[in-house]
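Each chain is listed here by its residues.
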Amino acid sequence: MSILKKLLFVTVVFFAAAVKVNAATVDTVLTHSAAMRKDIKAVVIKPADYSATKKYPVLYLLHGFSGNYSDWILKVPSITKLADQYHVIIACADGNFAGWYYDSPMNKDWQYETYVGTELVSYMDKHYSTIANRTGRAITGLSMGGHGAMYIGFKHQDTFGAVGSMSGVVDVRPFADAFGIEQVLGKYSEHPETWEKNSVINMIYLLKPNSLAITFDCGYDDFTFPVNTAFHDQLLMRKIPHDFTIRPGSHNWEYWSNSIVYQMLFFSRFFANAK
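Quick caveat: nothing in here was measured; it's all calculated off a predicted structure. (Residues numbered from 1 in each chain as written. Predicted model: local features only at pLDDT ≥ 70, side-chain atom pairs only at ≥ 80, totals over all residues. Heavy atoms only, no water.)

Q: Which parts of the structure should I look at to understand the pairing of strand E5 (residues 137–141)?
A: Within a regular strand, the side chains alternate between the two sheet faces. Where burial is concerned, most of E5 is hidden: 5 out of the 5 residues are buried. Going residue by residue along E5, you find Arg 137, Ile 139 and Gly 141 tucked away on one face and Ala 138 and Thr 140 tucked away on the opposite face as well. Bridge analysis of E5 against strand E6 (residues 162–166) gives 2 bridges, and the strand direction is parallel. Across the sheet, residue Ile 139 finds its bridge partner in E6, namely Val 163. Once the chain exits E5 it traverses helix H5 (residues 144–155) before rejoining the sheet at E6, and the crossover so formed is right-handed. (Buried < 20%, exposed > 50% of the residue type's maximum accessible area, 1.4 Å probe, protein only. Helix = DSSP H or I, 4+ residues; strand = E, 2+ residues; numbered from the N terminus. Pairing = 2+ DSSP bridges. Right-handed = clockwise from strand over helix to strand, strands pointing away.)

Shown next, in the form of structure tokens:
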């Protein structure tokens, strides 16, 4: 082998090693839900600088209706770069095809509020080097997951310090005949009180000013645009500080892959004071 080829070979090997060292690690892990008596998969993304000697904040990232735990990493693989850039662990949870991140009063096999809000958090703190308090935890998601993030965040303010939503169904009542919600909450006509108290827009009373760092956004052409603007108006009326952004776009992965970049910046600022 010539000297030039040897130098080229060494350079390629060194470059490959550098890329490997400086890349986030993506794991598919098997968690357990005692509430549902079953194992559930999750994707966990560790930043390139991950070390057991350092504590990291965790962003819990939720998928939408008909999705699963792998949606985000498959549809937006660039989130690994965000984990590296902001030195954050990302946990992509599973909320079932249409679990809506509720503890369903109709089906005891669907207890996804407890799973995501308590059991998965406990798993992450046990198996990873996390900042194990609300200053180091945020939760967000898209569509059904946007609803889930706000719903869980509002109800578990002792666990999460920041919440977000992308094109979130922050009021489930207009969609009573769609997306399998009645399987979780029962028919609206038969259980209106359940729908009323479990719509995020009706849960703002749980908040105090600055009790949570809140960000949410929606596209102009998104079918959830009306409920998001109404949610924004209610937060303003209650004098709850929040970030609300309207951008061009619809209910699709092109929009969400852009949205997560801005939301990660918001959460990184929140995490800056994590202890």
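Q: Where do I start with helix H9 (residues 253–271) in this structure?
A: For an α-helix, the turn length of 3.6 residues means that residues three or four places apart are oriented alike. End to end, H9 covers 26 Å across 19 residues, agreeing with the expected 27 Å (1.5 Å per residue, within 8%). Of the residues making up H9, those classed as buried are Tyr 255, Trp 256, Ser 259, Ile 260, Gln 263, Met 264, Phe 266, Phe 267, Ser 268 and Phe 271. (Expected span 1.5 Å × (residues − 1).)

Q: Teacher, can you tell me more about the pattern of salt bridges here?
A: If the charged atoms of two oppositely charged side chains come close together, the side chains can form a pair. Within this structure, the stated rule accounts for 8 salt bridges. Measuring nitrogen to oxygen at the nearest pair gives 2.7 Å for the salt bridge that ties Arg 137 to Asp 125. Placement of the pair is Arg 137 in strand E5 and Asp 125 in helix H4 (residues 112–127), with a sequence separation of 12 residues. For Asp 125, a relative accessible area of 25% translates into the label partly exposed. The closest approach of N and O atoms between Arg 247 and Asp 217, which form a salt bridge, is 3.7 Å. Of the two residues, Arg 247 sits in strand E8 (residues 243–247) while Asp 217 sits in strand E7 (residues 213–219), which places them 30 residues apart along the sequence. Assessed through its relative accessible area of 12%, Arg 247 is described here as buried. (Salt bridge = Lys/Arg side-chain N within 4 Å of Asp/Glu carboxyl O.)

Q: When you look at the side chain of Asn 198 in this model, what are you seeing that I'm missing?
A: Of note, Asn 198 is situated in the loop between helix H7 (192–197) and E7. A distance of 2.8 Å separates a polar atom in the side chain of Asn 198 from the backbone oxygen of Thr 194. Asn 198 has contacts with Tyr 102, His 147, Tyr 151, Leu 185 and Met 203, leaving out every residue within four places of it along the chain. (Polar contact = N/O pair within 3.5 Å; in protein donor to acceptor, adjacent residues only side chain to side chain. Contact = heavy atoms within 4.5 Å.)

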